Amino acid sequence: MEAVAEAVAAAVAAGVEPFPAVDKCDASGREAHAVAADLEGTLLRSRSAFPYYALVAFECGGVPRLALLLLLAPLAAALGLAVSEAAAVRVLVFAATAGVRVSDIESAARAVLPRFYAADVHPGAWRVFSACARSRVVLTATPRVMAEPFLVDCLGADAVAGTELATWHGRATGLVDARRGVLIGRRKAQALLDIFPGGDVPDVGLGDRRSDYPFMSLCKEGYIVPRSPAVETVAMDQLPRPVIFHDGRLARRPTPLAALLTVLWFPVGFALACVRIAAGALLPMPWVYYAFWALGVRVVVRGAPPPRAGRAVGRRGVLFACSHRTLLDPIFLSAALGRPVAAVTYSLSRLSEFLSPIRTVRLTRDRAADAAMISELLAEGDLAICPEGTTCREPFLLRFSALFAELTDEVVPVAMESRMGMFHGTTARGWKGMDPFYFFMNPSPAYVVTFLGKLPPEHTCCAGGRSSHEVANYIQRLIAATLSYECTSLTRKDKYRALAGNDGVVDNATGKLPAPATAKKNREAKAC
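Residue positions are counted from 1 within each chain, in the order its sequence is given. Thresholds applied to this predicted model are a pLDDT of at least 70 for local features of residues and 80 or more for the giving and counting of side-chain atom pairs; totals over whole chains, interfaces and linings are not thresholded and use all residues. Working from all heavy atoms in the structure, the side-chain values ignore hydrogens and water.

- If you check an unreviewed UniProt entry, the protein chain appears there as Phospholipid/glycerol acyltransferase domain-containing protein from Oryza meyeriana var. granulata.
- UniProt positions are given in the numbering used here, feature names are shortened, and annotations may be inferred rather than shown by experiment. Here is the UniProt Sequence similarities (unreviewed entry) comment for the protein chain, exactly as written: "Belongs to the GPAT/DAPAT family."

**As for the UniProt feature "transmembrane region" (unreviewed entry) in the protein chain**
Stage number 1. Within the UniProt annotation, "transmembrane region" (unreviewed entry) is assigned to residues 52-73 and 257-279.
Stage number 2. Each end of residues 52-73 is marked by a C-alpha atom, and these two atoms are 13 Å apart; helix forms 100% of the span and strand 0%. Where helices and strands are cited, they refer to DSSP runs of H or I of at least four residues and of E of at least two residues respectively, numbered from the N terminus.

**Here's the deal with the environment of alanine 343**
Stage number 1. Structurally, the position occupied by alanine 343 is in strand E10 (residues 342-345).
Stage number 2. The spatial distance from the C-alpha of alanine 343 to the C-alpha of glycine 381 is 11 Å, given a sequence separation of 38 residues.
Stage number 3. Should any heavy atoms of two residues lie within 4.5 Å, those residues are counted as being in contact. When near neighbours in sequence (up to four residues on either side) are disregarded, alanine 343 contacts Pro330, Ile358, Arg359, Thr360, Val361, Leu383 and Ala384.

**Description of the UniProt feature "domain: Phospholipid/glycerol acyltransferase" (unreviewed entry) in the protein chain**
Stage number 1. Mapped onto this numbering, the UniProt entry annotates "domain: Phospholipid/glycerol acyltransferase" (unreviewed entry) at residues 318-419.
Stage number 2. Annotation note: span residues 318-419, helix share 33%, strand share 25%, distance between end C-alpha atoms 27 Å.

**Re the packing of helix H11 (residues 256-282) against helix H12 (residues 285-294)**
When two helices pack together, their arrangement is given by the angle between their axes and by how far apart the axes lie.
Stage number 1. Inter-axis angles, ranging from 0 to 180 degrees, are taken between N-to-C directions of lines fitted to C-alpha atoms, where helices are fitted over the stretch in contact. Where H11 contacts H12, the axes come no closer than 8 Å and their chain directions differ by 165°. In terms of orientation, H11 lies roughly antiparallel with respect to H12. Our pair here, H11 against H12, has a crossing hand that is right-handed. Contacts from Arg276, Ala279 and Gly280 of H11 reach H12 at Val288, Ala291 and Phe292. Put simply, angles under 35 degrees are roughly parallel, angles over 145 are roughly antiparallel, angles from 65 to 115 are roughly perpendicular, and the rest are oblique. Handedness of a crossing is defined here by the sense of rotation of the near helix relative to the far one, left-handed for an anticlockwise turn of less than a right angle and right-handed for a clockwise turn.

**What to know about a nonpolar patch on the surface**
Stage number 1. A patch consists of residues whose relative accessible area exceeds 30% and which take part in no salt bridge; residues with like charges are grouped when within 9 Å of each other, and nonpolar side chains (Val, Leu, Ile, Met, Phe, Trp, Tyr) when within 5 Å. To be clear on the numbers: accessible area is Shrake-Rupley with a 1.4 Å probe, and residue cover counts the displayed protein chains and nothing else. Salt-bridge detection follows one rule: a side-chain nitrogen of Lys or Arg within 4 Å of a carboxyl oxygen of Asp or Glu. On the surface, Leu257, Leu260, Leu261 and Leu264 cluster together into a nonpolar patch covering about 400 Å² of accessible area.
Stage number 2. Summarising the element assignment, leucine 261 is placed in helix H11.
Stage number 3. We call a residue buried when its accessible area falls under 20% of the maximum for its residue type, exposed when it is over 50%, and partly exposed in between, using a 1.4 Å probe and counting protein chains only. Taking the relative accessible area as the measure of exposure, leucine 261 reaches 46% and is therefore partly exposed.

**A word on the nonpolar core**
Stage number 1. As used here, the term nonpolar core means buried Ala, Val, Leu, Ile, Met, Phe, Trp, Tyr and Cys residues forming a set that is joined through side-chain atoms within 4.5 Å. If you look at the biggest cluster of nonpolar residues, it comprises 116 residues, and the most contacted ones within it are Leu151, Phe320 and Phe332.
Stage number 2. Ranked by residue count, the leading element in this core is helix H3 (residues 50-82), at 14 residues.
Stage number 3. What counts as a domain boundary in this text is fixed by an automatic or database domain assignment. Both of domain 1 (11-233) and domain 2 (268-500) provide at least three residues apiece to this core.
Stage number 4. Excluding residues within four positions of it along the chain, leucine 151 makes contact with Leu39, Leu43, Val138, Gly156, Ala157 and Val160.
Stage number 5. Among the nonpolar cores identified, the runner-up in size contains 30 residues, and Ala321, Val361, Ile385 and Ile479 belong to it.

**Remarks on the pattern of salt bridges**
Stage number 1. Under the definition given, this model contains 26 salt bridges.
Stage number 2. For arginine 30, the salt bridge is made with glutamate 221, and the minimal N-O distance between the two is 3.0 Å. A residue pair is termed long-range when its members are at least 10 positions apart, and arginine 30 in the loop between helix H1 (2-13) and strand E1 (34-37) and glutamate 221 in strand E7 (residues 221-224) qualify at 191 residues.
Stage number 3. Its relative accessible area of 6% is what places arginine 30 among the buried residues.
Stage number 4. Measuring nitrogen to oxygen at the nearest pair gives 2.5 Å for the salt bridge that ties arginine 367 to glutamate 406. Placement of the pair is arginine 367 in helix H15 (residues 367-380) and glutamate 406 in helix H16 (residues 403-407), with a sequence separation of 39 residues.
Stage number 5. Take arginine 367: its relative accessible area is 46%, and that puts it in the partly exposed class.

**Here's the deal with the sheet that holds strand E6 (residues 204-207)**
Stage number 1. Strand order in the open sheet formed by five strands is E3-E2-E1-E6-E7, with parallel pairing between adjacent strands. Where the open sheet ends on each side, the last strands, each with one partner, are strand E3 (159-163) and E7. Going from strand to strand, the sheet's axes swing by 15° on average, the running direction of each strand aside.
Stage number 2. Here the rule is simple: two strands pair whenever DSSP picks up at least two bridges between them. By the bridge criterion, four bridges tie E1 to strand E2 (residues 135-143) in an arrangement that is parallel. Bridged to alanine 34 within E2 is serine 135.

**Structural notes on the packing of aromatic side chains**
Stage number 1. Two rings from Phe, Tyr or Trp (for Trp, the six-membered ring) form a pair when their centres sit within 6.5 Å of each other. Planes less than 30 degrees apart are called stacked, planes more than 60 degrees apart edge-to-face, and all others tilted. Applying the stated criterion across every chain yields a total of 18 aromatic pairs.
Stage number 2. Seen from their ring centres, phenylalanine 439 and tyrosine 447 are 5.6 Å apart, and the 55° between their planes marks the pair as tilted.
Stage number 3. Since its relative accessible area comes to 0%, tyrosine 447 is described here as buried.
Stage number 4. One aromatic cluster is present, formed by Phe292, Phe332, Phe439, Phe440 and Tyr447 through successive ring pairs.

**Side note on the pairing of E6**
Stage number 1. Residue alternation in E6 divides its side chains into two sets, Val204 and Leu206 and Gly205 and Gly207, and both sets are buried.
Stage number 2. Strand direction decides the pairing type here: E1 and E6, joined by three bridges, are parallel. Note that in E6 the partner of valine 35 across the bridge is valine 204.
Stage number 3. As judged from the four bridges shared by E6 and E7, these two strands associate in the parallel manner.

**Topic: unusual backbone geometry**
Stage number 1. Positive phi outside glycine occurs at histidine 169, with the angle close to 50°.
Stage number 2. Its location among the elements puts histidine 169 in the loop between strand E4 (165-168) and strand E5 (171-176).
Stage number 3. The backbone of serine 484 shows a phi angle near 60°, a positive value even though the residue is not glycine.
Stage number 4. Mapped onto the fold, serine 484 is located in the loop between helix H18 (468-483) and strand E16 (486-487).

**Section: empty space enclosed by the protein**
Stage number 1. Using protein atoms alone on a 1 Å grid, points that fit a 1.4 Å probe yet trap it form a cavity, whereas open point sets bounded by protein on both sides within 12 Å along at least five of seven lines form a pocket; residues with an atom within 4 Å of a point count as lining. Grid points are joined across faces, edges and corners, and a volume is the space filled by probe spheres set on the points. Following the criterion strictly, the structure yields one cavity of 30 Å³ or more and no others.
Stage number 2. When its volume is computed, the largest cavity comes out at roughly 60 Å³.
Stage number 3. Every residue along the wall of the largest cavity is listed here: Ile244, Phe245, His246, Asp247, Thr391, Cys392, Arg393, Thr426, Thr427, Ala428, Lys495 and Leu499.
Stage number 4. Side-chain classes are defined by residue name, with Ala, Val, Leu, Ile, Met, Phe, Trp, Tyr, Cys and Pro counting as nonpolar, Asp, Glu, Lys and Arg as charged, and the others, Gly among them, as polar. Split by residue class, the lining of the largest cavity holds five nonpolar, four polar and three charged.

Right, here's the structure in full:
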């Protein structure tokens, strides 16, 4: 190994790249090989870690923390050029984490970061990294607590060595662990030796810059990931575990420019959201559609909306079975119909109930009680229900609850699509009362409401003799085909276990979700 290190040093001194490009690596037949790789610029296309610090800053400290990170980012860049990479990392760590609870950082790393990491995987590095099946190790200057959930759960890494944060009484001090320091250069090499004691070093080392040379020199083969040309990222479905559930408020990757625009837009967007919410809550429903368009909220209606249920004796209302994208689905359904439609809800905040322009009725999760309540509401008029029970941001439909299919044959499937450019209008970890505000804070949010026509009698329970599960599955497939989504058997419980460390069951007495599981259990929860 010393001879390899000397050869590398000689090549660097002569101005020659000591390692071949990663596209020269033959990835075939490496099932018994081990690999060690850097993260930024290697496994990820981007060499900048700023977006991931920005995500942690915003999720853990909101706009003020993101603004602080933006103010200190030029200093970090200058120190990175004039002093060292380690100095730049220290500044970013301080700006993003000083005073933040470690549990909050862990939560953001598990629920928020994987979606953005997964959208930036380098195809050349991933080709080699995924081929080496014996052992996969990642060495990164990024704090380990931020990168580890994605690398282990989504990329199948066996070990992750990163910068360790200094903590005090469960909070990050903003400093790095004094004993270990920032994991750059020779510290990466030492970390690799700690993971592979006894000289059993990895077969392949992957890096992208000179500070990676020390650990790459310890490997039997080393390959560099070049900065150019630009390459397309690895498709999400090619990763071992694609990200289906994710959380966080930011909808786009917060590059420095995008983060600056977010900070500047936030007060303007919040004021605009208040105006939009007031218009929806105070205006008659037939006017809401036009008011939304005037205020920059696009509502696109497709298909033929059914007429209002008649007042004849014994005539029951229509049940609209909707795909679930945000808590505003029933409101935009009502806007598309031009009349208010009652909705059954679960875990809706008191503030959202107060602001809602339509009637909302809470589910109890008691099957008999809920069935009686839904039957009573249908006897009074039309009703909207989201059988998934919770939202999913990716193009997937969760398993449909079959209860609604047992109660009526007057079912109209509705495919709902929401489009948000800056903020997500849903959360599994934060205060749900802010969900409508974040949706309406987007500069030009949109909803597409597609009515799929009344369910044919042969596909219903009473007239068609189908089971409630067959009806629910049929409607799920119908909506999925309309939206080009994929049907899954995942449920609300799966989502909340992945993102919040609990089962997503609301305490009827308090109306709140249970506290997250312990940090150890959170680390064991799957984020993808």
